[in-house]
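These are the residues of each chain, in order.
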Amino acid sequence: MQFAGSHILSIAQFERPDVEHLFAVADRMQPYAHRRRVTKVLDGAILGAMFFEPSTRTRVSFGSAFNLLGGEVRETTGFEMSAIAKGESLYDTARVLSGYSDVIAMRHPQEGSVAEFAAASRVPVLNGGDGSNEHPTQALLDLYTIRKELAGRGIDQLRIAMVGDLRFGRTVHSLCKLLCLFDGIQVVLVSPAELRMPPSIVEQLRVAGHKVLESEVLEASIRHVDIVYSTRIQEERFSSQQEADLYRGRFRLNQSIYTEHCEPNTVIMHPLPRDSRVTARELDDDLNDNPNLAIFRQTDNGMLVRMALFALVLDVADQVDRHARDVNWYTGGRFDGL
Ligand code: NCD
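Residues numbered from 1 in each chain as written. Predicted model: local features only at pLDDT ≥ 70, side-chain atom pairs only at ≥ 80, totals over all residues. Heavy atoms only, no water.

### Some thoughts on the overall build of the chain
In step 1: Counting its secondary structure elements, the chain contains 12 helices and 11 strands.
In step 2: Dimensions along the principal axes, computed over C-alpha positions, put the chain at roughly 55 × 45 × 40 Å.
In step 3: The buried share of the chain, reckoned over its 338 residues, is 56%.
In step 4: In the chain, 77% of the contacts between residues at least 6 apart in sequence involve partners at least 24 apart.
In step 5: For the chain, the accessible area works out to roughly 14,500 Å², and carbon and sulfur atoms hold 48% of it.
In step 6: Averaged over its 37 positive side-chain charges, the chain has a centre that lies 3 Å from the centre of its 45 negative ones. (Helix = DSSP H or I, 4+ residues; strand = E, 2+ residues; numbered from the N terminus. Buried < 20%, exposed > 50% of the residue type's maximum accessible area, 1.4 Å probe, protein only. Contact = heavy atoms within 4.5 Å. Areas by Shrake-Rupley, 256 points an atom, 1.4 Å probe, with all protein chains shown as cover. Lys, Arg positive; Asp, Glu negative; His and termini not counted. Charge placed at Lys NZ, Arg CZ, Asp CG, Glu CD.)

Written out as structure tokens, the structure reads:
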């Protein structure tokens, strides 16, 4: 694909060489994300961050990634604070806001809304999640993390269990589509029967030649995998809290289950937020000291991948180092070991 000037709406846009190119650029962002160097390559550029659904890490990491490249961020959050509350269409909002910014990152509760917005936008739009459809940048940072965690082993022949709300979880939808670009993957899909992965996505995995198993039992499904990818019950997509309560807490991974059932180096991932309420706890806090818990490495890696996407979409990937200098303030050791 041609990154420069493109919208990033779906994993369907990517081919394997695009992913490899993106990851190579992400690797080169390390000195900047890890606060050893500062670049001003996007000095003067503006990101419009439009988040019409709750978001902490995606919103802040898109914004920080843009700041780390030297650009500025304008934010809109929530319908009630925007003209959409006055009945403005996505078309009009897109025409207007694309005159104010150079690139837009957007999240919206409706499936297909970000693509509709992008069609009217005069600048590239990055999908930060459209309803339960897709979350492409999360899948890219997840795969980048998997590649790093498996240090040199590569993605082909990966064994992964995805656990939880596979019906409404957009991150696992995008991740499955991304895995279709690789070879010989084994995917175990663990969910309540009512929250199974959409059949069209299961079919895509099979067409790609991957082995897919569906299960309702956690313990037996995580025995022979490299990655356990846990997800939260997406309660905001259910018609009532009571309905979500039926599924919350159904699959809980904690240290004793991990010790008993997982291989010693199985990596634990989650797109976050994990639901830490007693009724949920899909990933228990007692895993916090487990060195294979990669959830905070995922969020750190997200910065690299989102910086790389901005650099590619705005066509400055080869200019980043030319506009750089060393950091001159205390940065501590918070990125040691990454
Ligand atoms: C996810 C999302 O919004 O889809 N969060 C994220 O962006 N990291 C997952 C979730 O909300 O459960």
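### A few points about the side chain of Asp-165
In step 1: Tracing the backbone through its elements, the reader meets Asp-165 in the loop between β6 (159–163) and α7 (170–179).
In step 2: Here Asp-165 is buried and forms no salt bridge, its nearest opposite-charge partner Arg-167 lying at an N-O distance of 6.6 Å. (Salt bridge = Lys/Arg side-chain N within 4 Å of Asp/Glu carboxyl O.)

### What to know about the layout of surface pockets
In step 1: The computed volume of the largest pocket comes to approximately 370 Å³.
In step 2: If you trace the largest pocket, you find 21 residues lining it, with Arg-107, Arg-170, Arg-232, Leu-272 and Pro-273 closest to the centre.
In step 3: For the lining of the largest pocket, the secondary-structure elements that each account for two or more residues are α3 (57–68) and α7.
In step 4: Residues that form the lining of the largest pocket fall into these classes: 4 nonpolar, 10 polar and 7 charged.
In step 5: Approximately 310 Å³ is the volume found for the second largest pocket.
In step 6: Lining the second largest pocket are 19 residues, and of these Ser-61, Thr-299, Asp-300, Gly-302 and Met-303 lie nearest its centre.
In step 7: Taken together, the elements giving at least two residues each to the lining of the second largest pocket come down to α3, α6 (136–149) and α12 (295–313).
In step 8: Broken down by class, the residue content of the lining of the second largest pocket amounts to 7 nonpolar, 7 polar and 5 charged. (1 Å grid on protein atoms, 1.4 Å probe; cavity = no way out; pocket = protein on both sides within 12 Å on 5 of 7 lines; lining within 4 Å. Points joined across faces, edges and corners; volume = space filled by probe spheres on them. Nonpolar A, V, L, I, M, F, W, Y, C, P; charged D, E, K, R; others polar.)

### Some thoughts on the pairing of strand β3 (residues 72–77)
In step 1: Both strand β2 (residues 46–51) and β3 contribute to a ladder of 6 bridges, which runs parallel. Residue pairing for β3: Ala-49 is matched across the bridge by Glu-75.
In step 2: In this fold, β2 hands off to α3, which returns the chain to β3; that crossover is right-handed. (Pairing = 2+ DSSP bridges. Right-handed = clockwise from strand over helix to strand, strands pointing away.)

### Description of the site of the ligand
In step 1: Around the ligand sit Arg-57, Thr-58, Arg-107, His-135, Gln-138, Arg-170, Thr-171, Arg-232, Gln-234, Pro-271, Leu-272 and Pro-273, and that is every residue in its neighbourhood.
In step 2: Here an oxygen atom of the ligand sits 3.0 Å away from a polar atom, N or O, in the side chain of Arg-107.
In step 3: Isolated, the ligand exposes 320 Å² of accessible area, and the fraction of that covered by the protein chains is 94%.
In step 4: Judged by the proximity of its atoms to the pocket grid, the ligand belongs to the largest pocket.
In step 5: Those elements that place two or more of their residues in the shell around the ligand are α3 and α7. (Near = heavy atom within 4 Å. Polar contact = N/O pair within 3.5 Å; in protein donor to acceptor, adjacent residues only side chain to side chain. Sits in = over half its atoms within 2 Å of the grid points.)

### Points about the packing of aromatic side chains
What characterises a pair of aromatic rings is the spacing of the ring centres plus the angle enclosed by the ring planes.
In step 1: Here the structure, examined in full by the defined rule, presents 7 aromatic pairs.
In step 2: On the basis of an interplanar angle of 70 degrees and a centroid distance of 5.2 Å, the ring pair of Phe-23 and Tyr-144 is categorised as edge-to-face. On the criterion of sequence distance, the pair formed by Phe-23 in helix α1 (residues 16–28) and Tyr-144 in helix α6 is long-range, its members being 121 residues apart. Judged on exposure class, the residue Phe-23 and its partner Tyr-144 are both buried.
In step 3: Here the aromatic cluster, defined as three or more aromatic residues joined through ring pairs, consists of Phe-51, Phe-62, Phe-66 and Phe-310.
In step 4: Lying across the ring of Phe-62, Arg-306 places its NZ or CZ 4.7 Å from the centre. (Phe/Tyr/Trp six-rings, centres within 6.5 Å; stacked < 30°, edge-to-face > 60°. Lys NZ or Arg CZ within 6 Å of the ring centre and 35° of its normal.)

### Some thoughts on the sheet that holds β2
In step 1: One open sheet accounts for 4 strands, arranged β3-β2-β4-β5; its pairing is parallel. Edge positions in the open sheet fall to β3 and β5 (125–130), since each of these has one partner strand only. With direction set aside, neighbouring strand axes in the sheet form an average angle of 10 degrees.
In step 2: Taken together, the 4 bridges between strand β4 (residues 103–108) and β5 define a ladder with parallel strand orientation. Bridge pairing in β5 places Ile-104 opposite Val-125.
In step 3: Of the strands in this sheet, β2, β4 and β5 are in contact with helix α5 (residues 113–120), which crosses β5 at around 160 degrees. (Axes fitted to C-alpha atoms, helices over the stretch in contact; angles between N-to-C directions.)

### Notes on unusual backbone geometry
In step 1: In this model, Leu-272 is joined to Pro-273 through a cis peptide bond whose omega is 0 degrees.
In step 2: Looking at where Pro-273 falls in the secondary structure, it is placed in the loop between β10 (267–269) and α12.
In step 3: Phi at Arg-35 is positive, roughly 60 degrees, even though this residue is not glycine.
In step 4: Checked against the element boundaries, Arg-35 lands in the loop between α2 (30–33) and β1 (37–39).
In step 5: Here the phi dihedral of Arg-281 falls at roughly 50 degrees; this positive angle occurs in a residue that is not glycine.

### As for the sheet that holds strand β9 (residues 227–230)
In step 1: Across the sheet, which stays open at both edges, the 5 strands sit in the order β8-β7-β6-β9-β10 with parallel pairing between neighbours. Strand pairing shows two members of the sheet lacking a second neighbour, β8 (211–215) and β10, which therefore form its edges. With strand direction ignored, the average angle separating the axes of adjacent strands in the sheet is 15 degrees.
In step 2: Note: β6 against strand β7 (residues 186–190), 5 bridges, orientation parallel. Note on β7: the bridge partner recorded for Met-162 is Leu-189.

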